[in-house]
Number of protein chains: 2
Amino acid sequence: MIQIFSRSDRDFDEKLAVIRNRGQSLDSAVEKSVGEILEDVRLNGDEALKRYTQKFDSVDPETYGISIDAGTVEACRSEVSARQYDALQRAADSIRAFHERQRRQTWIEQDSVTGNILGQRVLPLDSVGIYVPGGKAAYPSSVLMNAIPAQVAGVERIVMVVPTPGGEVNPGVMVAAHLLGITEIYRLGGAQAIGALAYGTETVAPVDKIVGPGNIYVATAKRKVFGRVDIDMIAGPSEILIIADEGADPRHVAIDLLSQAEHDEMASSILVTNSSKLAEKVSVAIEEELALLPRQAIARKSIDDYGAIIVAPDLLEAARISNLIAPEHLELAVAEPFWLLHTIKSAGAIFMGYHTSEAVGDYVAGPNHVLPTGGTARFFSPLSVDDFIKKSSLIYYTQAGLEEVARDVEILTAMEGLDAHGRSVSYRVGDGT
Amino acid sequence: MIQIFSRSDRDFDEKLAVIRNRGQSLDSAVEKSVGEILEDVRLNGDEALKRYTQKFDSVDPETYGISIDAGTVEACRSEVSARQYDALQRAADSIRAFHERQRRQTWIEQDSVTGNILGQRVLPLDSVGIYVPGGKAAYPSSVLMNAIPAQVAGVERIVMVVPTPGGEVNPGVMVAAHLLGITEIYRLGGAQAIGALAYGTETVAPVDKIVGPGNIYVATAKRKVFGRVDIDMIAGPSEILIIADEGADPRHVAIDLLSQAEHDEMASSILVTNSSKLAEKVSVAIEEELALLPRQAIARKSIDDYGAIIVAPDLLEAARISNLIAPEHLELAVAEPFWLLHTIKSAGAIFMGYHTSEAVGDYVAGPNHVLPTGGTARFFSPLSVDDFIKKSSLIYYTQAGLEEVARDVEILTAMEGLDAHGRSVSYRVGDGT
């Protein structure tokens, strides 16, 4: 049963802390094991990859190569219906359209007096690796969400790694890759896949950035290779927070809470409402809806451990509570969502109004479903085209421009005791000897 | 003496590897020590801060508080000349003007048929901590470069931490902070400063992001708290690469190489040229200029260990070599720098033409001098306003909009076995029961 409590409860802060701190413990055994796997892959390349893939995914290296060939991918087409294919295609189109809006332009500006030019150049990354989980958490939609922003940015080489337990590929994942034209696909998962992408092996050329969700081994490996390559974000368990007023349909709210809870036992689903009547009704509806769910066991555990209904005196206080949590997904199931928006400081994606369920945003609306989790929306942002570009500053000075600033450079470099810095300007303008 | 070699040398790759891999070894003793300090600060707050500050910086907690008060900052004004103050002010103005160009706008778009709204909201981070090194590497210009992009982004709380060995503050650093209106300043350095900013103590409220350069302890601490807060980048030793043709002045090139080398023994200074005549002349000029430098010992060690002049057959090959290194600073000291630019893939800042010394960009031109080092320009970018904002996706669906996509959401959620996701839409449009 979901717990109902209020902002004025004496143990409010402790209850919130349980939700906020879930999944934050570092596992030193995982750290050690991941470190060893990464080093092994770095030193032994393909041989290590085959060994781990046999051990963890039961993939026989005699039967399967590291690469998944075009024939295997093509064969998956027949296992996906035309309606499924078309739905994936339409989702891809929406996602592409939204991310096109995020494109950045190179700009330069010339000073009309000195002729100096300053600017910022934007280029796509050369190569990106996308980690796609295998087995039960293999989601075709994740392929679209991770790859399309990279394609819009103009990344030329997009590599996909996906574990294939027992050698079995997930047809939906393969078709999603095929639909996007991704052809470099490896049968790799876990820390060993991250090692291959970061260091390279005989078969897998290294990439500049690794994105995509994974289990604790994958997340730990990504953290460890950060700096050698870039990574998308440090992901934790996911959450939804719904702010609802008395006009919200309690069953809609209940189902939306459960659509987070069904993902993962560590997921958190929180309703904050100014209506105790709605709180009661949602609590009842959750129980009714739980009974209908195939993933009932997961959802129930998530609701019991990290679910909460919080009754707040008003919507402004509800927004303040939301800001404390900085949720990955925030629904504003209220009569005036665009008014309430101005009080919201941190949230990955904001679903506004009574008709906008999180699932719409997860699949077809267009915005990315890779979002900052576990309170990191305070400083991280949804995956976007920005994650797949690099910028360079451009600086061009004329002789006249240099003369104008020479004195200041000399003064400032002297303050910092960096003589060659100063001399690089003074010598050019004739002050040096 | 700087070594001269060519692309066709048999050991070219090994020589380049020495430069590229410098400073990449992880120090497990540092790791362990930093982990202990962070945990101590997390658990013991101010008491731990005072203990470490006394131990590492010889600052007596009876004499000095953790905060640096307004009076101390104000008193530094008299130690900085009017010319110095004005030079800092003009540099700040240029930096602000450049970074104003990087501002991002919130956007929304409404579908004229369904009324659906999609958008991306941009907000500043709430709070940012800026680490400023103390002692000999205390640079007022770093205060400007780290704080101004945060101010342009609109960050309300900007906190500065700076170690004060023996209790001594650096007047230039204090005046730079004063000039920008930064008033929350703490007498803290090392891993303990990072711990205070990430976890908070009785005196120091935690921040959302930590930026700024530091030694190996600071860098390791930043990596460890990444995810709890955001950090700017994983910084390594810095470098300059100059591509020069026969039209370049050998002495300008030599001084610019040395302006990198004087920073740090681990710095790398590389000239790539298509003129063996220039190569010889620069080599001679380096020796002459070295003799004039107060920081000669540091610069010579850097030049000897990680300096190189590479003779390439032509400028395109020079650009390819630069792309292998992905330098922090790249000078194109060639007749047609804007032509050569299109061949350059990765570089933090690009200084174009014969008159644009790196030092101009480091101080007064306006672009940021916090740049990706050690080859990370392949995927990292200069510090910018983008580093101080967070984005949220905005999604508003109407009933008509939801009906239009309901079937696709049902198909895709069924493919992924996420029933509550599907039901959140089907129930709303009347397909559920």
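Residues numbered from 1 in each chain as written. Chains lettered and ligands numbered in written order. Predicted model: local features only at pLDDT ≥ 70, side-chain atom pairs only at ≥ 80, totals over all residues. Heavy atoms only, no water.

Caption draft 1: Main features of the relation of the copies chain A and chain B. Each copy superposes on the other: chain A lies on chain B with an RMSD of 0.0 Å after a rotation of 180° and an axial shift of 0.0 Å. With respect to symmetry, the two chain copies, as superposed, fit the operation of a two-fold axis. Mapped onto chain B, 100% of the interface residues of chain A are again interface residues, and the two copies thus contact each other with one and the same surface. (Least-squares fit on C-alpha atoms with pLDDT ≥ 70 in both. Contact = heavy atoms within 4.5 Å.)

Caption draft 2: Main features of the pattern of salt bridges. Per the stated rule, a full pass over the model turns up 56 salt bridges over all chains. Note that D11 of chain B is salt-bridged to K15 of chain B, the shortest N-O span being 3.7 Å. Classification of D11 of chain B by relative accessible area gives partly exposed; the value is 32%. Within this structure, R104, D386 and K391 of chain A together with R104, D386 and K391 of chain B form a network of salt bridges that share partners. (Salt bridge = Lys/Arg side-chain N within 4 Å of Asp/Glu carboxyl O. Buried < 20%, exposed > 50% of the residue type's maximum accessible area, 1.4 Å probe, protein only.)

Caption draft 3: Region of interest: the interface of chain A and chain B. In this assembly, 115 residues from chain A lie in contact with 115 residues from chain B. Each partner contributes to the roughly 10,600 Å² buried at the junction of chain A and chain B, and carbon and sulfur atoms together form 58% of this total. Where R90 of chain A meets D408 of chain B, a salt bridge forms, and the shortest distance between an N and an O atom there is 2.7 Å. Per-element accounting of the side of chain A that touches chain B gives the leading share, 10 residues, to helix α15 (residues 399-415) of chain A. Its residues assigned to classes, the side of chain A that touches chain B comprises 56 nonpolar, 28 polar and 31 charged. Both strand β13 (residues 349-352) of chain A and strand β14 (residues 389-396) of chain B contribute to a ladder of four bridges, which runs parallel. Looking across to β14 of chain B, one finds that A349 of chain A is bridged to S393 of chain B. (Buried area = accessible area lost by both parts, 1.4 Å probe. Helix = DSSP H or I, 4+ residues; strand = E, 2+ residues; numbered from the N terminus. Nonpolar A, V, L, I, M, F, W, Y, C, P; charged D, E, K, R; others polar. Pairing = 2+ DSSP bridges.)

Caption draft 4: Spotlight on empty space enclosed by the protein. Going through the model one piece at a time under the given rule, you end up with five cavities of 30 Å³ or more. Forming the walls of the largest cavity are 33 residues, and the residues nearest its centre are D230 and D387 of chain A together with D230, D386 and D387 of chain B. Counting residues per element, the ones that place at least two in the lining of the largest cavity are β8 (230-231) and β14 (389-396) of chain A together with β8 (230-231) and β14 of chain B. Residues that form the lining of the largest cavity fall into these classes: 15 nonpolar, four polar and 14 charged. Every residue along the wall of the second largest cavity is listed here: L49, K50, T53, Q54, V59, D60, P61, Y64, G65, I66, R187 and L188 of chain B. A per-class count over the lining of the second largest cavity returns six nonpolar, three polar and three charged. (1 Å grid on protein atoms, 1.4 Å probe; cavity = no way out; pocket = protein on both sides within 12 Å on 5 of 7 lines; lining within 4 Å. Points joined across faces, edges and corners; volume = space filled by probe spheres on them.)

Caption draft 5: Inspection of the environment of A147 of chain B at higher detail. Residue and element names in this part refer to chain B. With respect to the helices and strands, the residue A147 is situated in helix α5 (residues 140-153). For the pair formed by A147 and M160, sequence separation is 13 residues and the distance between their alpha carbons is 8.9 Å. Beyond its immediate sequence surroundings of up to four residues, A147 is in contact with I130, I158, L180 and I182.

Caption draft 6: Structural detail: helix α7 (residues 190-199) of chain A. Residue and element names in this part refer to chain A. Of all the 10 residues making up α7, nine are buried; the element is thus mostly covered by neighbouring parts of the structure. Inspection of α7 places G190, A191, Q192, A193, I194, G195, A196, L197 and A198 among the buried residues, and these make up the whole buried set. Taken together, the buried residues of α7 touch α2 (28-57), β4 (127-131), β5 (157-161), β7 (209-211) and α8 (216-225). Following α7 by one or two positions, G200 adopts a phi angle in the positive range, close to 80°.

Caption draft 7: Structural detail: the domain arrangement of chain A. Residues and elements named next belong to chain A. Taken domain by domain, chain A comprises domain 1 (4-20 + 236-365), domain 2 (28-115 + 123-231) and domain 3 (397-426). Each of domain 1 and domain 2 has a C-alpha centre, and these two points are 32 Å apart. At the interface, six residues of domain 1 touch six residues of domain 2. When the two sides are added together, the surface that domain 1 and domain 2 hide from each other amounts to roughly 460 Å², 50% of it contributed by carbon and sulfur. (Domains from an automatic or database assignment.)

Caption draft 8: Structural view of the side chain of Q192 of chain A. Residues and elements named next belong to chain A. Summarising the element assignment, Q192 is placed in helix α7. Judged by its relative accessible area of 2%, Q192 is buried. Among the polar contacts made by the side chain of Q192, one reaches the main-chain carbonyl oxygen of G189 at a distance of 3.0 Å. Here Q192 is in contact with I37, V41, L49, Y52 and F56, once residues within four sequence places are set aside. (Polar contact = N/O pair within 3.5 Å; in protein donor to acceptor, adjacent residues only side chain to side chain.)

Caption draft 9: Structural detail: unusual backbone geometry. Residues and elements named next belong to chain A. Although it is not a glycine, S58 sits at a positive phi angle of roughly 50°. With respect to the helices and strands, S58 occurs in the loop between α2 and α3 (70-76). Classification of S58 by relative accessible area gives exposed; the value is 54%.

Caption draft 10: The UniProt feature "binding site: Zn(2+)" (unreviewed entry) in chain A, seen in detail. Following the UniProt record, the feature "binding site: Zn(2+)" (unreviewed entry) maps to Q260, H263, D362 and H421 of chain A here. The greatest C-alpha distance among the residues just named is 56.1 Å, and with 162 residues of sequence between them they are spread in space as well. In this structure, Q260 of chain A sits in helix α9 (residues 250-261). When near neighbours in sequence (up to four residues on either side) are disregarded, Q260 of chain A contacts S238, E239, I240, A267, S268, S269, E328, H329 and E358 of chain A. Along the chain, H421 of chain A falls in helix α16 (residues 419-426). Exposure remark for H421 of chain A: the relative accessible area of 1% places this residue in the buried category. Apart from the residues within four sequence positions on either side, H421 of chain A is in contact with V409 and T413 of chain A together with S259, E262, H263, E358, A359, D362 and Y363 of chain B. (UniProt positions renumbered as here; feature names shortened; annotations may be inferred.)

Caption draft 11: Structural view of the packing of helix α2 (residues 28-57) of chain B against helix α7 (residues 190-199) of chain B. Residues and elements named next belong to chain B. Closest axis-to-axis distance for the α2/α7 pair is 8 Å, and the angle between their directions is 125°. In this view, α2 runs oblique relative to α7, as classed from their interaxial angle. Remark: the crossing between α2 and α7 carries left-handed chirality. Seen from α2, the contacting residues are V34, I37, L38, V41, R42, L49, Y52, T53 and F56; seen from α7, they are A191, Q192, I194, G195, A196 and Y199. Across the contact of α2 with α7, the residue classes tally to 11 nonpolar, three polar and one charged. (Axes fitted to C-alpha atoms, helices over the stretch in contact; angles between N-to-C directions. Parallel < 35°, antiparallel > 145°, perpendicular 65-115°, else oblique. Left-handed = near helix turned anticlockwise from the far one by under 90°.)

Caption draft 12: Structural view of the packing of aromatic side chains. Applying the stated criterion across every chain yields a total of 13 aromatic pairs over all chains. Relative to F98 of chain B, the ring of W107 of chain A has its centre 5.3 Å away and its plane inclined at 45°; by these criteria the two rings are tilted. Residue W107 of chain A is located in strand β2 (residues 107-110), and its partner F98 of chain B is located in helix α4 (residues 82-100); the two belong to separate chains. Judged by its relative accessible area of 12%, W107 of chain A falls in the buried class. Accessibility expressed as a relative area gives 4% for F98 of chain B, which makes it buried. Ring geometry for F226 of chain A against F380 of chain B: centres 5.8 Å apart, planes inclined by 80°, an arrangement best described as edge-to-face. (Phe/Tyr/Trp six-rings, centres within 6.5 Å; stacked < 30°, edge-to-face > 60°.)

Caption draft 13: The arrangement of the sheet that holds strand β7 (residues 209-211) of chain B in detail. Residue and element names in this part refer to chain B. Strand order in the open sheet formed by five strands is β6-β5-β4-β7-β8, and the pairing between neighbours is parallel. In the strand order of this sheet, the two ends are held by β6 (184-186) and β8, each with one partner. Both strand β4 (residues 127-131) and strand β5 (residues 157-161) contribute to a ladder of five bridges, which runs parallel. Across the sheet, residue S127 finds its bridge partner in β5, namely R157. In the packing of α5 onto the sheet, contacts are made with β4, β5 and β7, and the angle to β5 comes to roughly 165°.

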